[in-house]
Amino acid sequence: MDCKIRAWRLEDKKSLKEIINNRRIVDNLRDGLPYPYTEKDAEEFILSMLLSDRTETFAFAIEAEDVLVGSISIFRCSNIHFRTAELGYYVGEQYWGRGFATSAVRQACKYVFDRTDIIRIFAEPYDYNTASCRVLEKAGFQFEGTLRSNAFKNGRVLDMNMYALVKLNAEHI
């Protein structure tokens, strides 16, 4: 079963709350998300994505069989990195291992490369998150190295891996 990326809708807030209100997901994301996650938190997130600058933020719901299964966003960097963007995504735990994340990463990167002047998209999953690293590899990202002691999360210092997809190498997506 495949998935599609689409614009966020306010009616996604209940499903988004259900997906992200899970420690196993939140523990793999950056800090800043409230936990527990409420429907109001979901609504505020969706509104912020809908109102964001569409040349800087590319945010999509991930949907499979008319059901919200996750979220994916690509954020343009600034200054000398303005043609580079950072990728972030998650899929609800009940949808893990079904290829949705890989498909969504491919779709979102193709969307950004086809419609913008961005030439490099990168992601920095925690080193221990081998499933996310595998998603990126299957989507054509190259491992560029390990960022040692790069994050502090849940009371621990963590390594992160740097992956990137460069537009010149992305014809296959």
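As a reminder, the structure under discussion sits directly above these lines.
Bear in mind the structure is a predicted one, so any value in this text is a computation, not a measurement. (Residues numbered from 1 in each chain as written. Predicted model: local features only at pLDDT ≥ 70, side-chain atom pairs only at ≥ 80, totals over all residues. Heavy atoms only, no water.)

Trainee: What is the right way to look at a nonpolar patch on the surface in this model?
Mentor: Together, L10, L47 and L51 make up a nonpolar patch on the protein surface, roughly 280 Å² of accessible area in all. With respect to the secondary-structure elements, L10 resides in the loop between β1 (4-6) and α1 (13-20). (Patch = residues over 30% accessible without salt bridge, like charges linked within 9 Å, V, L, I, M, F, W, Y side chains within 5 Å. Areas by Shrake-Rupley, 256 points an atom, 1.4 Å probe, with all protein chains shown as cover. Salt bridge = Lys/Arg side-chain N within 4 Å of Asp/Glu carboxyl O. Helix = DSSP H or I, 4+ residues; strand = E, 2+ residues; numbered from the N terminus.)

Trainee: Honestly, the sheet that holds strand β2 (residues 57-64) in this entry has me stumped. Any pointers?
Mentor: The sheet built from seven strands is open, its strands ordered β1-β2-β3-β4-β5-β7-β6 with mixed pairing. Each edge of the sheet is formed by a strand with only one pairing partner; in this case those strands are β1 and β6 (142-153). For this sheet, the mean inter-axis angle between neighbouring strands, taken without regard to orientation, is 30 degrees. Helix α4 (residues 100-115) contacts β1, β2, β3 (67-76), β4 (84-91), β5 (120-123) and β7 (156-166) of the sheet and is inclined by roughly 40 degrees relative to β3. (Pairing = 2+ DSSP bridges. Axes fitted to C-alpha atoms, helices over the stretch in contact; angles between N-to-C directions. Contact = heavy atoms within 4.5 Å.)

Trainee: For this particular structure, what's the right way to read the nonpolar core?
Mentor: Soluble globular proteins tend to pack their nonpolar side chains together in the buried interior. Of all hydrophobic cores here, the largest spans 32 residues; its most connected members are I72, I74, L87, V105, I121 and F141. The set of elements that each furnish at least two residues to this core consists of β2, β3, β4, α4, β5, α5 (130-138) and β7. In terms of residue count, the dominant contributor to this core is α4 (eight residues). F141 has contacts with L87, V105, C109, I121, F122, A123, L136, Y163, A164 and L165, leaving out every residue within four places of it along the chain. Core analysis: the next-biggest nonpolar cluster, separate from the first, contains 15 residues, V26, A59, A61 and L68 among them. (Core = buried A, V, L, I, M, F, W, Y, C linked by side-chain atoms within 4.5 Å. Buried < 20%, exposed > 50% of the residue type's maximum accessible area, 1.4 Å probe, protein only.)

Trainee: Could you clarify how one ought to interpret the pattern of salt bridges in this entry?
Mentor: Pairs may arise between side chains of opposite charge once their charged atoms sit close together. Counted by the stated rule, this structure contains 18 salt bridges. A salt bridge links D159 to R148, with the shortest nitrogen-to-oxygen separation between them at 2.9 Å. A residue pair is termed long-range when its members are at least 10 positions apart, and D159 in strand β7 and R148 in strand β6 qualify at 11 residues. Relative accessible area serves as the criterion here: at 60%, R148 is assigned to the exposed category. A single network of salt bridges, built from pairs that share partners, joins K4, R6, R9, E11, D12 and E63.

Trainee: Sorry if this is basic, but what is going on with the pairing of β6 here?
Mentor: Where a strand is regular, its side chains alternate between the two sheet faces. Bridge analysis of β6 against β7 gives eight bridges, and the strand direction is antiparallel. Bridge assignment links F143 to a residue of β7, and that residue is Y163.

Trainee: Looking at this structure, how should I read the environment of E56?
Mentor: Its place among the elements puts E56 in the loop between α3 (39-50) and β2. Distance in space between the C-alpha atoms of E56 and A85 is 8.6 Å, their sequence separation being 29 residues. Not counting the four nearest positions on each side in its chain, E56 is found in contact with I74, F75 and R76.

Trainee: Help me understand α5, please; the structure alone is not making it clear to me.
Mentor: Since the α-helix advances by 3.6 residues per turn, residues separated by three or four positions end up pointing in the same direction. Buried within α5 are the following residues: S132, C133, V135 and L136. Buried residues in α5, looked at end-on, bunch into an arc of 155 degrees, giving them a common side. Facing away from the buried side of α5, by more than 90 degrees, are the exposed residues T130 and A131. Lining the buried residues of α5 we find β4, α4, β5 and β7. After α5 finishes, the residue G140 shows a positive phi value of roughly 100 degrees. (Arc of directions from axis to C-beta.)

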